Amino acid sequence: MFDLLDLLFPPVCLSCNKFGQFFCSDCQTKAEILDETICPFCLQKTLNGVKHPKCKGYIDGLISVFKYKKEVQKIIKEIKYRYYKAGVGKLVDFFLKNLRNSEFDKFLASKPILVPIPLHSKKMSARGFNQAQLIAQILAKSWQLPISNKFLVRAKNTQVQAELKKAQRQQNMKNAFIPSREILKIGSKSLQNKNILLVDDVWTTGSTMQEAAKVLKKLAAKKIWGVTVAR
Ligand SMILES: [Zn+2]
Ligand SMILES: [Zn+2]
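Residues numbered from 1 in each chain as written. Chains lettered and ligands numbered in written order. Predicted model: local features only at pLDDT ≥ 70, side-chain atom pairs only at ≥ 80, totals over all residues. Heavy atoms only, no water.

This brings us to the packing of aromatic side chains. Evaluated as defined, the whole model comprises five aromatic pairs. Summarising the aromatic geometry, the rings of Phe 104 and Trp 143 are spaced 5.6 Å apart at their centres and angled 70 degrees between planes, so their arrangement reads as edge-to-face. Taken together, the residues Phe 104 in helix H5 (residues 102–109) and Trp 143 in helix H7 (residues 131–143) connect sequence positions 39 residues apart. No difference in accessibility class separates Phe 104 from Trp 143, as the two residues are buried. Centre to centre, the rings of Phe 104 and Trp 225 are 5.7 Å apart; their planes meet at 40 degrees, and the pair counts as tilted. Here Phe 104 is found in helix H5, whereas its partner Trp 225 is found in strand S6 (residues 224–230), with 121 residues between them in sequence. Of the two residues, Phe 104 and Trp 225, both sit in the buried class. Every member of this aromatic cluster is reached through a ring pair, and the members are Phe 104, Phe 107, Trp 143 and Trp 225. (Phe/Tyr/Trp six-rings, centres within 6.5 Å; stacked < 30°, edge-to-face > 60°. Helix = DSSP H or I, 4+ residues; strand = E, 2+ residues; numbered from the N terminus. Buried < 20%, exposed > 50% of the residue type's maximum accessible area, 1.4 Å probe, protein only.)

Okay, here's the thing in structure tokens:
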């Protein structure tokens, strides 16, 4: 469709500043694809991102596509900290084009509910959007799966994880999420036997997703996978 805004403000590559698109084909070629999948608990290599049988934690599988560096890192940061939310579509398209994982396909076939990692209300009103929510919306549409943000609330306005050392990150995220009032009212029945796919932009140590998954598992969710664009 003809887009007047694109004509007045032609998109600029959020990584190299070239006119044309938010994530140009040169930068797409340079973006590094992850060559292995890791266990969401011990962070060691595992086949197809499935948690090792003996490992603990609340996430059963993890999938990411890009290395969180250079081009992809730049784009994610521009979206998040400079509010270029228009760049999300291109990024997710490219993510989908490069996503290949047979175990994850099986998980998607179980019709999980997509749950974006919520932002704290203060951060949400400052930024005006939640990048995880935008990513999840595109994924839900593409996979024709339900999406919901009625389960989780971010109770703690946590510090930006990237600013913290590894040990501090876990402490920072501890009890960051609580079940929403709505879900407590209707009971956890709506989650019984349901699989959940948690969605975020980046996986760093995993403490954010583990904390979110903990709440959902306690509410009765069955299997939980995590998906992030980069790691
Ligand atoms: Zn570029
Ligand atoms: Zn493991």
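Every protein donor of the zinc ion (ligand 1) is listed here as Cys 13 (SG), Cys 16 (SG), Cys 24 (SG) and Cys 27 (SG), and their distances to the metal cover 2.3 Å. Ordering the donors of the zinc ion (ligand 1) by residue number gives the pattern C-x2-C-x7-C-x2-C. Taken together, the residues Cys 16 in the loop between helix H1 (4–8) and helix H2 (25–30) and Cys 27 in helix H2 connect sequence positions eleven residues apart. For Cys 16, a relative accessible area of 36% corresponds to the partly exposed category. (Donors = N, O, S within 2.8 Å, 3.2 Å for Na, K, Ca; no water.)

Now for the pattern of salt bridges. Applying the stated criterion across every chain, the model contains ten salt bridges. The closest approach of N and O atoms between Lys 217 and Asp 60, which form a salt bridge, is 2.8 Å. Here the residue Lys 217 occupies a position in helix H10 (residues 207–218), and Asp 60 occupies one in the loop between H2 and strand S1 (61–66), the gap between them amounting to 157 residues. When its relative accessible area of 23% is taken as the criterion, Lys 217 is described as partly exposed. For Asp 60, a relative accessible area of 15% puts it in the buried group. (Salt bridge = Lys/Arg side-chain N within 4 Å of Asp/Glu carboxyl O.)

As a further point, take the packing of helix H8 (residues 166–173) against H10. Interaxial distance between H8 and H10 falls to 9 Å at its minimum, and their mutual angle equals 25 degrees. Between H8 and H10, the angle falls in the class roughly parallel. Classified by chirality, the crossing of H10 by H8 is right-handed. Across the interface between the two elements, Arg 169, Gln 170 and Met 173 from H8 touch Ser 207, Thr 208 and Glu 211 from H10. Residues that form the contact of H8 with H10 fall into these classes: one nonpolar, three polar and two charged. (Axes fitted to C-alpha atoms, helices over the stretch in contact; angles between N-to-C directions. Parallel < 35°, antiparallel > 145°, perpendicular 65-115°, else oblique. Left-handed = near helix turned anticlockwise from the far one by under 90°. Contact = heavy atoms within 4.5 Å. Nonpolar A, V, L, I, M, F, W, Y, C, P; charged D, E, K, R; others polar.)

With that settled, consider the confidence of the model for the chain. Overall, the predicted model of the chain reaches an average pLDDT of 91, with 97% of residues at or above 70. No element of the chain has a lower mean pLDDT than H1, at 61, and none a higher one than S6, at 98. (pLDDT = per-residue confidence, 0-100.)

What follows is about the packing of helix H4 (residues 88–97) against H7. One way to put it is that H4 packs onto H7 with a least axis distance of 10 Å and a crossing angle of 50 degrees. Taken as axis vectors, H4 and H7 run oblique relative to one another. As for how H4 packs across H7, the hand of that crossing is right-handed. Across from Val 88, Gly 89, Val 92, Phe 95 and Leu 96 in H4, the residues of H7 making contact are Leu 134, Ile 135, Ile 138, Leu 139, Ser 142 and Trp 143. Of the residues contributing to the contact of H4 with H7, the split by class is nine nonpolar, two polar and no charged.

A few words on the coordination of the zinc ion (ligand 2). Taken together, the protein donors to the zinc ion (ligand 2) comprise Cys 39 (SG), Cys 42 (SG), His 52 (ND1) and Cys 55 (SG), at separations of 2.1 to 2.3 Å. Of note is the zinc ion (ligand 2), whose four donor atoms meet at the metal with angles of 97 to 118 degrees in an arrangement that counts as tetrahedral. Look at where the donors of the zinc ion (ligand 2) fall in the sequence and you get C-x2-C-x9-H-x2-C. Remark: Cys 55 occurs in the loop between H2 and S1 and Cys 42 occurs in the loop between H2 and S1; sequence separation between them is 13 residues. On the basis of relative accessible area, Cys 42 is assigned to the partly exposed category, the value being 27%. (Tetrahedral: all angles 85-135°; square planar, octahedral: opposite > 155°, others 65-115°.)

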